[in-house]
Amino acid sequence: MKLRLALAAATCLAMPIAAHAQPVIGPYVSLEGGTSLLEPNNFADTFGNSGKFYYKPSYSGIGGIGFGFGGGFRVALEGNYFHDTFKKADPSETKVVGYSNKYGPLLNLYYDIPVGLPVFPYVGAGGGYQFVNDRYYYGTGVGGETASSDVKGTYAFDIIAGLSFPIDAVPGLSVTAEYRFEMLPASYNEGESVLGAPAEGLVKIGPQSINSFFGGLRYALFPAPPAPPPVTPAPPVAPPPVAASPKTYLVFFDWDKYSLTPRATQIIAEAASDSRTAATTTISVSGYTDTSGTPVYNQGLSERRAKSVAAQLVTDGVPMSEIEIHAYGETHLLVPTGPGVREPQNRRVEIVLD
């Protein structure tokens, strides 16, 4: 008995320590069935018989309505029924035939413990009231039978440990398996008669303890929707390759000249070098003039300037087959001007690597 009381205390102390989570939120119903064993208990009657009654395992059931508060806690109002059959009476009697029924309401507080698995352990404790209905016959040892039948009531408490298995295919439904220990700590008296005569005495029944094992179902009436599956981010889309922009070099000329200056030669050499490292397929060489002079003259001057630059590119190692020569005269001015204007930036050749 002390061991069970210690277990009850440890259970109640452990409940606040468990982590926050629970599979039941809101109202629910439950139904369980199983087996029970009433532990031996003391008896004594007014005819001088005393000893212990022993019992056989028998059947039991529990139904309840409850409410889950979230955070792991829930409460349930339950009605239970225990049916136990007598086995023997010892040492006073050797034969007992009959049964002991117990039933009544209990209010239990539960805590569901998250363990990171598809199963939820839970613990609980509570109390209530139990009605007792006993009917049995036991040998008196004096040639007759004594019968007792009565309905009494007493307070009771219980402690519970169990497991629930949520059924994913049916939201809100769980299979449960649990152990319960219930104790009726008070003694009570039953009427007793001898050889079928009217009641002439009493049988005093001592405190009783019941061990029971149950399996059943629990159903949350308004189950929470299942958590959405984790969203897997889409793999990043590689940006489209950026086309390399053509590289342009500007070579400027003196007025009315197509000969190369030292700076022009240096720029052409740089363009030739870059054409090899950049795997260039085409080199466009385009000549231009300012607006001084006639358009016909300027057209020819722009062509001579372009050919001068192309020749230097060949000298610097560029194959002539890769060079395209264009002459635009005084069109496509870099700096817009009126006619007859000597603008240095318009006297140019553009080298474009593509």
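Residues numbered from 1 in each chain as written. Predicted model: local features only at pLDDT ≥ 70, side-chain atom pairs only at ≥ 80, totals over all residues. Heavy atoms only, no water.

1. A word on the overall build of the protein chain
For the protein chain, the count of helices and strands is 3 helices and 16 strands. In the protein chain, which comprises 354 residues, the share counted as buried stands at 40%. Just so you have it, the protein chain exposes about 18,400 Å², and 66% of that area is on carbon and sulfur atoms. (Helix = DSSP H or I, 4+ residues; strand = E, 2+ residues; numbered from the N terminus. Buried < 20%, exposed > 50% of the residue type's maximum accessible area, 1.4 Å probe, protein only. Areas by Shrake-Rupley, 256 points an atom, 1.4 Å probe, with all protein chains shown as cover.)

2. Notes on the side chain of S58
Topologically, S58 is positioned in strand β4 (residues 58–70). Within polar-contact distance, the side chain of S58 engages the backbone oxygen of H83 at 2.8 Å. Those residues in contact with S58, other than ones at most four positions away along the chain, are G34, T35, S36, H83, D84 and T85. (Polar contact = N/O pair within 3.5 Å; in protein donor to acceptor, adjacent residues only side chain to side chain. Contact = heavy atoms within 4.5 Å.)

3. Structural notes on the environment of Y136
Looking at where Y136 falls in the secondary structure, it is placed in strand β7 (residues 120–139). Separated by 39 residues in the primary sequence, Y136 and V97 have C-alpha atoms spaced 5.4 Å apart.

4. Considerations on the packing of aromatic side chains
For the structure on display, the rule yields 15 aromatic pairs. Note on Y110 and Y122: the rings are 5.9 Å apart at their centroids and 70° apart in plane angle, and the pair reads as edge-to-face. Highlighted residues: Y110 in strand β6 (residues 96–112) and Y122 in strand β7, separated in sequence by 12 residues. Each member of the pair, Y110 as well as Y122, is classed as buried. Each residue in the set F43, F53, Y55, F86 and Y136 is aromatic and connected to the rest through ring pairs, giving one cluster. When the ring centre of Y54 is taken as origin, the NZ or CZ atom of K88, which lies over that ring, is 5.2 Å away. When the ring centre of Y28 is taken as origin, the NZ or CZ atom of R218, which lies over that ring, is 6.0 Å away. (Phe/Tyr/Trp six-rings, centres within 6.5 Å; stacked < 30°, edge-to-face > 60°. Lys NZ or Arg CZ within 6 Å of the ring centre and 35° of its normal.)

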